[in-house]
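Spelled out from the first residue to the last, the chains are:
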Amino acid sequence: MKRFRQFRINQETRDRYADISLSVKDFIYPYFVTEGEHNKEEIRSMNGVYRFSIDELIKDIGEIKILGIDKILLFGVINEEKKDDSGSAGYDSGSLICRAIREIKKYYPDLLVFTDVCLCEYTSHGHCGLIHNHDVDNDSTLPLLAEMAYQHAVAGADFVAPSAMMDGQVEAIRKQLSSGNQSARILAYSAKYASAFYGPFRDAAASTPSFGDRKSYQMDFRTSTQGLEEIEADLEEGADWTMVKPALPYLDIIQKAKTKFPETPLVAYQVSGEYAMLKAAAQLGYLDEKRVFYESLIAIKRAGADYIITYYAKEFASNVIS
Ligand code: PBG
């Protein structure tokens, strides 16, 4: 008989044998930014997550900085009337996100700012690229994504994170950054699946497609190796960091990605639906919130993620870690 229980006999012993841990430095905290002033509205399906106008965002960042969080990811949420067919409000040098980056960098120059690069938050049809013949056209979308990334970089973003799932988007962005002498790095949303777990996000960012779905560009979750091929292609195109998204239902992909590309920083995105599910169950009293989040985040790290994008980062840093 092998005596395993000696490793678990009390908390101190369990702590000694634990080889996976979480730090606030592992987290990238997502923010939804809106127009206006003094706006802080809670997102209905994501309890504890808000849309902030830039002034309120600056205040909230002050709070997370104190907690030790040093990486954030920005999404823009604009009014319907500012959206158009090509999402032009997203790649303008005066865009909401560019203004937010400039303001953030004024107050917190050492915060690492990541920006989502995708058209869906800015197009009237809610798709991630330009529409031709009722489908999303790949190649004509690339210059727009490259321009958006370039403008974010000029405004001061440290990382641009293309999430549109257009083929060649990393290469297009890399070229435009280099030709404009921008040193921003690229976090590629490489293995991004067409997932029903994004539901609450589309509510938060008002980015639900007005027709069809995203299955012609985001990955089919019934494939086991395409995710790795997408990562490989993005690295060849010049990505610095890579991502698997969603996280908890895709731990196998996270693990394979880390095994195959051990040197590349790997980010896992605990998406809106994963967050909403745990929060809702906790509110109903069915699950212990802190413990289920802790266990899920440990699992994501154990699978191989170096960093985790999670809407729970702030609460985790204030209630669980300390
Ligand atoms: C933009 C984008 C989405 C998410 C991140 N970037 C939405 C989508 O692809 O539909 C989802 C994030 C989440 O669910 O938390 N394309």
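Residues numbered from 1 in each chain as written. Predicted model: local features only at pLDDT ≥ 70, side-chain atom pairs only at ≥ 80, totals over all residues. Heavy atoms only, no water.

This part is about the environment of L96. Within the secondary structure, L96 is located in helix α3 (residues 96-107). Note on L96: relative accessible area 3%, which makes it buried. For the pair formed by L96 and T34, sequence separation is 62 residues and the distance between their alpha carbons is 7.4 Å. Discounting chain neighbours no more than four positions away, the residues touching L96 are V33, T34, E35, I54, G76, V77 and I78. (Helix = DSSP H or I, 4+ residues; strand = E, 2+ residues; numbered from the N terminus. Buried < 20%, exposed > 50% of the residue type's maximum accessible area, 1.4 Å probe, protein only. Contact = heavy atoms within 4.5 Å.)

Bringing the site of the ligand into the picture now. Around the ligand, 19 residues are found, and the nearest of them are K192, R202, K245, S272 and Y311. Note that a nitrogen atom of the ligand is positioned 3.4 Å from one of the side-chain N or O atoms of D116. Burial of the ligand by the protein amounts to 100% of the accessible area it has alone, namely 400 Å². Residue assignment for the shell around the ligand shows that the elements contributing at least two residues are β9 (185-192) and α6 (199-205). Residues belonging to the shell around the ligand are distributed by class as follows: 10 nonpolar, 3 polar and 6 charged. (Near = heavy atom within 4 Å. Polar contact = N/O pair within 3.5 Å; in protein donor to acceptor, adjacent residues only side chain to side chain. Areas by Shrake-Rupley, 256 points an atom, 1.4 Å probe, with all protein chains shown as cover. Nonpolar A, V, L, I, M, F, W, Y, C, P; charged D, E, K, R; others polar.)

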